[in-house]
Amino acid sequence: MRLKRAGLLTKLVIVVLLVYLATSLLDLRGQIQSVQEERDTLEQQVEEQRLANQQLEDAIENSDDPETLERVAREKGYVKEGETLYIDVAG
């Protein structure tokens, strides 16, 4: 039994399909890299938000602590009774 050889049109169709598949794979690879970069950015944002949430939780837990209350008041510009506030305008 003899095998029939592929014609020129069949070879051309196969080459076109291979080129199409190769370009599709390259495009998909680019999309995957783009999505991975976006995922990494989002993971970093999630970690930053977790840290911010932890700081807020700590602040809530220590809100009754006299030292914490004093520190926050001083950061807002308040002073204790009898203290004098000096503002440096020499800048």
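Coordinates for the structure precede this section.
Throughout what follows, the structure given in this document is the object of discussion. (Residues numbered from 1 in each chain as written. Predicted model: local features only at pLDDT ≥ 70, side-chain atom pairs only at ≥ 80, totals over all residues. Heavy atoms only, no water.)

Focus: the overall build of the protein
To keep things clear, this is the line we draw: For helices the rule is a DSSP run of H or I covering at least 4 residues; for strands it is a run of E covering at least 2, with both sets numbered from the N terminus onward. Between the two quantities, the radius of gyration covers C-alpha atoms and the globule rule is 2.2 Å times the number of residues to the power 0.38. A 1.4 Å probe rolled over the protein chains alone gives each residue an accessible area, and that area as a share of the maximum for its type sets the label: buried under 20%, exposed over 50%, partly exposed in between. Positive: Lys, Arg. Negative: Asp, Glu. His and the chain ends are not part of the count. Taken as the charge centre is NZ of Lys, CZ of Arg, CG of Asp or CD of Glu, depending on the residue.
The helix and strand tally for the protein stands at 2 helices and 0 strands. The globule rule puts the C-alpha radius of gyration for 91 residues at 12 Å, and the 34 Å found for the protein is more than 25% above it. Counting only C-alpha atoms, the protein reaches 110 × 35 × 10 Å along its principal axes. Out of the 91 residues belonging to the protein, those deemed buried represent 1%. For the protein, the centre of its 11 positive side-chain charges and the centre of its 18 negative side-chain charges are spaced 28 Å apart.

Notes on the side chain of Thr68
In plain terms, the rule: Contacts described as polar in this section are N or O atom pairs within 3.5 Å, which, within protein, must combine one atom able to donate a hydrogen with one able to accept it, while residues neighboring in sequence count only if both atoms come from side chains.
Along the polypeptide, Thr68 turns up in helix α2 (residues 66-75). Residue Thr68 is classed as buried on the basis of its relative accessible area of 15%. Looking at Thr68, its side chain comes within polar contact range of the side chain of Asp65, at 3.1 Å.

Let's talk about the environment of Ala52
Mapping Ala52 onto the fold places it in helix α1 (residues 8-61). Since its relative accessible area comes to 29%, Ala52 is described here as partly exposed. As a C-alpha pair, Ala52 and Lys80 span 28 residues in sequence and 30 Å in three-dimensional space.

Let's talk about the pattern of salt bridges
Cut-off, in case you're wondering: Every case where a carboxyl oxygen of Asp or Glu lies within 4 Å of a side-chain nitrogen of Lys or Arg is listed as a salt bridge.
Under the definition given, this model contains 7 salt bridges. Put simply, Asp40 and Arg39 hold a salt bridge, and the shortest N to O gap is 3.3 Å. Relative accessible area serves as the criterion here: at 41%, Asp40 is assigned to the partly exposed category. On the basis of relative accessible area, Arg39 is assigned to the partly exposed category, the value being 43%. A salt bridge links Arg71 to Glu75; the shortest N-O distance between them is 3.2 Å. With Arg71 and Glu75 both in helix α2, this residue pair falls 4 residues apart, about one helical turn.

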